[in-house]
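Listed below, chain by chain, are the residues.
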Amino acid sequence: MAVMDEFKEEREALKNGTPKQKLAYFWYYYKWHVIISVIVIGMIVSFIYQYVNRKDIAFNAVLLNASPLDQISSEQPDFITDFAEKEGIDLNTSDITFDTSIRIVEGSMDETSVTSTQKLMVYVAANELDSMITDFDSFQKYANSSLFYDLRDILTEEQLQALEPYFYYVDREVVLAIEAANDDLNTDYTPEEMQDPIPVGICLTGCTDLTDNYYFRGDGIVMGIYANAEHADTAVDLAEYLLSK
């Protein structure tokens, strides 16, 4: 018997079949169509849900080599909520993110350091970071690389006067030498010992909003604002907010 004839006979027999027989027939011939359709519909629904509920990024900082002291809680620290309110940022539609997932041990080839270095490079290249907040030693590894704003280019005269006591400096001569020789020269952040000091960071040591919520691996805390930051003004406002308290 030809296949088509057999198929027609089965269809005719099913006309008088029970619901269970009809369901079994349908599932036998069309189960993969159903499974694939369900998967595709699920993916579409998931995409639409994520798109509709996606929040805008109001500020994104990496806390390099830092860890939240409360490892269990998924809620943001109170100071972030308070800052958002003062800044006029609606956290229902926008996000303020402090990423503590990046940990880099200088000179180490362990998996965490390698992965974190790659992740940080991608973030910076994609303009997804506004600021780095970290300890002095970790910050110094990046401070001479022209990654961060010369703060004199983005601060008002009033802000310069208020924040100058907290500046972290690099020497322009050292930066130029590193760029020319591609060498890691050591430097200090005190301007008195520099030929051409550039303020590239704001020292936040002693800001209890940070120290009460995060553990920093080294001494001191400093913030740098990335030269390609989309929310540089928000970063400045955050530094002023933390220092004011």
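As a reminder, the structure under discussion sits directly above these lines.
Residues numbered from 1 in each chain as written. Predicted model: local features only at pLDDT ≥ 70, side-chain atom pairs only at ≥ 80, totals over all residues. Heavy atoms only, no water.

1. Observations concerning the pairing of strand 5 (residues 167-171)
A regular strand carries its side chains on alternate faces of the sheet. Stated formally: Throughout this description, buried means an accessible area under 20% of the type-specific maximum (1.4 Å probe, protein chains only), exposed means over 50%, and partly exposed covers the range between. Every helix listed is a DSSP run of H or I at least four residues long, and every strand listed is a run of E at least two residues long, numbered separately from the N terminus. Two strands qualify as a pair provided that DSSP identifies no fewer than 2 bridges between them.
Summarising burial for strand 5: five of the five residues are buried, a large majority. Residues of strand 5 alternate between two faces, with Phe 167, Tyr 169 and Asp 171 on one and Tyr 168 and Val 170 on the opposite face, all of them buried. Across five bridges, the pairing between strand 5 and strand 6 (residues 197-203) is antiparallel. Each residue of the ladder has a partner; that of Phe 167, found in strand 6, is Ile 202.

2. Thoughts on the sheet that holds strand 6
The criterion, for reference: For helices, the axis comes from a line fit to the C-alpha atoms of the stretch in contact; other axes are also lines fit to C-alpha atoms, and the angle between any two N-to-C directions lies between 0 and 180 degrees.
Across the sheet, six strands lie side by side as 3-1-4-8-6-5; this open sheet has mixed pairing. Each edge of the open sheet is held by one strand with a lone partner, namely strand 3 (94-99) and strand 5. Direction aside, the axes of adjacent strands within the sheet are offset by 30° on average. Looking at chain direction, strand 1 (residues 56-63) and strand 3 are connected through six bridges and run parallel.

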